[in-house]
Amino acid sequence: QSVRVNDFVSTIYDKARHVFLAQGHQLELYCRGDWTVEVDPRRFEQIILNLLDNALKYSAEHSVTKINVEKQNDDILISIKDEGQGIPSEDLPYIFTRLYRVDKSRSRLTGGFGLGLSIVKELVEAHNGTISVESQLGTGTCFTIRLKESFDEDSFTH
Ligand code: ATP
Ligand code: MG
């Protein structure tokens, strides 16, 4: 299904913002352009919500999470960047693995099964997209989803 990425991400942002604010965090959205991507809206929302859930869960209060949508060549990049605790570089290769959690002892504190990112990766790949991560311990983490821009004519008819 052709989806206008701005409208789509804005809608998720509007919902998620309240959850962030209620927990003393901030969520910001930067989207400069109007592009179309081919996604299953329900599944794609699940991807974004999982990444936002992590951003919230692994950040201290008052931190700012930014959703950024941009175009690079023919790709649409959607990134979710937090100011959280970061992920140690030795753990980075494993975080998309099922049931993998960086700090087992913190599992009681934060909850979760270590399933979120494995599902995210599967869903992104089912959309013919890729997901990458950059992280610095103590500074924050940025997940970037890359999708091909869609030029389906249907998306331009209202
Ligand atoms: P679930 O998503 O099933 O509730 P989870 O959040 O622990 O549990 P994943 O979302 O798969 O599982 O993440 C795997 C691990 O990667 C997490 O346990 C955490 O250690 C680390 N991680 C994921 N996202 C972040 C982030 N934004 N900042 C810091 N660490 C993260
Ligand atoms: Mg998670």
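Residues numbered from 1 in each chain as written. Chains lettered and ligands numbered in written order. Predicted model: local features only at pLDDT ≥ 70, side-chain atom pairs only at ≥ 80, totals over all residues.

If you check an unreviewed UniProt entry, the protein appears there as histidine kinase from Alkalihalobacterium chitinilyticum.

Caption draft 1: Structural context of the overall build of the protein. Secondary structure summary: the protein contains four helices and seven strands in total. Tracing the protein from N to C terminus, the helices and strands come up as β-α-β-β-α-β-β-α-α-β-β. Taking 2.2 N^0.38 as the reference for a compact globule, 158 residues should give roughly 15 Å; the C-alpha atoms of the protein span a radius of gyration of 16 Å, in line with that estimate. Each of the three principal axes of the protein carries a C-alpha extent, and together these read 50 × 30 × 25 Å. Counting all 158 residues of the protein, 28% fall into the buried class. (Helix = DSSP H or I, 4+ residues; strand = E, 2+ residues; numbered from the N terminus. Rg over C-alpha atoms; globule rule 2.2 N^0.38 Å. Buried ≥ 20, exposed ≤ 12 C-beta atoms within 10 Å, placed from the backbone.)

Caption draft 2: Main features of the packing of helix α2 (residues 41-57) against helix α4 (residues 116-126). At a minimum axis distance of 9 Å, the contact between α2 and α4 shows a crossing angle of 145 degrees. For α2 against α4, the interelement crossing comes out left-handed. The residues of α4 that touch α2, namely those facing Arg43, Gln46, Ile47, Asn50, Leu51, Asp53 and Asn54, are Gly116, Ile119, Val120, Leu123 and Val124. (Axes fitted to C-alpha atoms, helices over the stretch in contact; angles between N-to-C directions. Left-handed = near helix turned anticlockwise from the far one by under 90°. Contact = placed C-beta atoms within 7 Å.)

Caption draft 3: View of the site of ligand 1. Taken together, 20 residues form the shell around ligand 1, and within it Arg101, Val102, Gly112, Gly116 and Leu117 come nearest. When contributions to the shell around ligand 1 are tallied by element, the ones reaching two or more residues are α2 and α4. The dominant element in the shell around ligand 1, judged by the number of residues it contributes, is α4, at three residues. The residue inventory of the shell around ligand 1, partitioned by class, reads nine nonpolar, nine polar and two charged. (Near = placed C-beta within 6 Å. Nonpolar A, V, L, I, M, F, W, Y, C, P; charged D, E, K, R; others polar.)

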